[in-house]
Amino acid sequence: MAKKILVVEDDSTLASNLSKTLKSGGFEVFVSNDGESGFRQAQEKKPDLIILDLVLPKKHGFKVMEDLKARPELASIPLIVLTNLETPHDIERASSFGVKAYLVKANYSLNEILKRVKEVVDEN
């Protein structure tokens, strides 16, 4: 059975391309374009991994992480942050939520993201 990945990303082009790349890697993919619906989908789908942008409409990525960690049934879902924010403060704050990887969008190709997703899924 394919592992389920939830992509929470408001850039529709990136979300679509990332979804296609992950599907080609054998994953079942769900996409949400804002933080509120991303959190809802996490509750409904119980994904094996969440790829989360930080700057999102309706609910910021850090608030999504906070809400996930507050729910015992969601707290152990591995998170990969995929964002353009790269200040040490943001990286440190994300690390405090136990993210498995912090990827700055401009520094990674879709195939590199897929490789990292596979590594994190295999670790868990």
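Here, every reference points to the structure presented above.
Quick look at the structure, then. (Residues numbered from 1 in each chain as written. Predicted model: local features only at pLDDT ≥ 70, side-chain atom pairs only at ≥ 80, totals over all residues. Heavy atoms only, no water.)

What follows is about the pattern of salt bridges. With the rule as written, the count across this model stands at 10 salt bridges. Between Glu 66 and Lys 63 there is a salt bridge, with the nearest N and O atoms lying 3.4 Å from each other. You can see Glu 66 and its partner Lys 63 sitting in helix α3 (residues 61–69), 3 residues apart, about one turn around the helix. You can call Glu 66 partly exposed: its relative accessible area is 40%. A relative accessible area of 37% places Lys 63 in the partly exposed class. Linking Glu 73 and Arg 71 is a salt bridge whose minimum nitrogen-to-oxygen distance equals 3.8 Å. On the accessibility criterion, Arg 71 (34% relative accessible area) is partly exposed. Through salt bridges with shared partners, a single network forms among Lys 59, Lys 63, Glu 66 and Asp 67. (Salt bridge = Lys/Arg side-chain N within 4 Å of Asp/Glu carboxyl O. Helix = DSSP H or I, 4+ residues; strand = E, 2+ residues; numbered from the N terminus. Buried < 20%, exposed > 50% of the residue type's maximum accessible area, 1.4 Å probe, protein only.)

For the rest of this paragraph, the subject is the sheet that holds strand β1 (residues 4–8). Pairing is parallel in the open sheet, where 5 strands are placed in the order β2-β1-β3-β4-β5. Only two strands of the sheet have a single neighbouring strand rather than two, namely β2 (28–32) and β5 (101–104). Here the average twist between neighbouring strands, direction ignored, is 20°. Summarising the sheet, β1 and β2 pair through 5 bridges and their orientation is parallel. Each residue of the ladder has a partner; that of Ile 5, found in β2, is Val 29. (Pairing = 2+ DSSP bridges. Axes fitted to C-alpha atoms, helices over the stretch in contact; angles between N-to-C directions.)

If you check helix α5 (residues 110–123), its first and last C-alpha atoms are 20 Å apart, about what 14 residues at 1.5 Å a residue would give, namely 20 Å. Within α5, the full set of buried residues consists of Ile 113, Leu 114, Val 117, Val 120 and Val 121. Down the axis of α5, the sector holding all buried residues measures 125°, keeping them to one side. Pointing more than 90 degrees away from the buried face of α5 are the exposed residues Asn 111, Lys 115, Asp 122 and Glu 123. (Expected span 1.5 Å × (residues − 1). Arc of directions from axis to C-beta.)

Moving on: the packing of helix α2 (residues 35–45) against α3. The geometry of a pair of packed helices is captured by two quantities: the angle between their axes and the separation between those axes. Two elements in contact, α2 and α3, have axes separated by 10 Å at closest approach and are oriented at 25°. It follows that α2 is roughly parallel to α3 by the angle criterion. Taken as a pair, α2 and α3 cross one another with a handedness that is right-handed. Where α2 approaches α3, its residues Gly 35, Phe 39 and Ala 42 are matched on the opposing element by Val 64, Asp 67 and Leu 68. Taken together, the residues of the contact of α2 with α3 break down into 4 nonpolar, 1 polar and 1 charged. (Parallel < 35°, antiparallel > 145°, perpendicular 65-115°, else oblique. Left-handed = near helix turned anticlockwise from the far one by under 90°. Contact = heavy atoms within 4.5 Å. Nonpolar A, V, L, I, M, F, W, Y, C, P; charged D, E, K, R; others polar.)

Next up on the list: unusual backbone geometry. At Lys 46, a residue that is not glycine, the phi angle is positive and equals roughly 50°. Tracing the backbone shows Lys 46 in the loop between α2 and β3 (49–52). At Lys 58, a residue that is not glycine, the phi angle is positive and equals roughly 70°. Turning to its location among the elements, Lys 58 is positioned in the loop between β3 and α3. Residue Lys 58 is classed as exposed on the basis of its relative accessible area, which comes to 63%.

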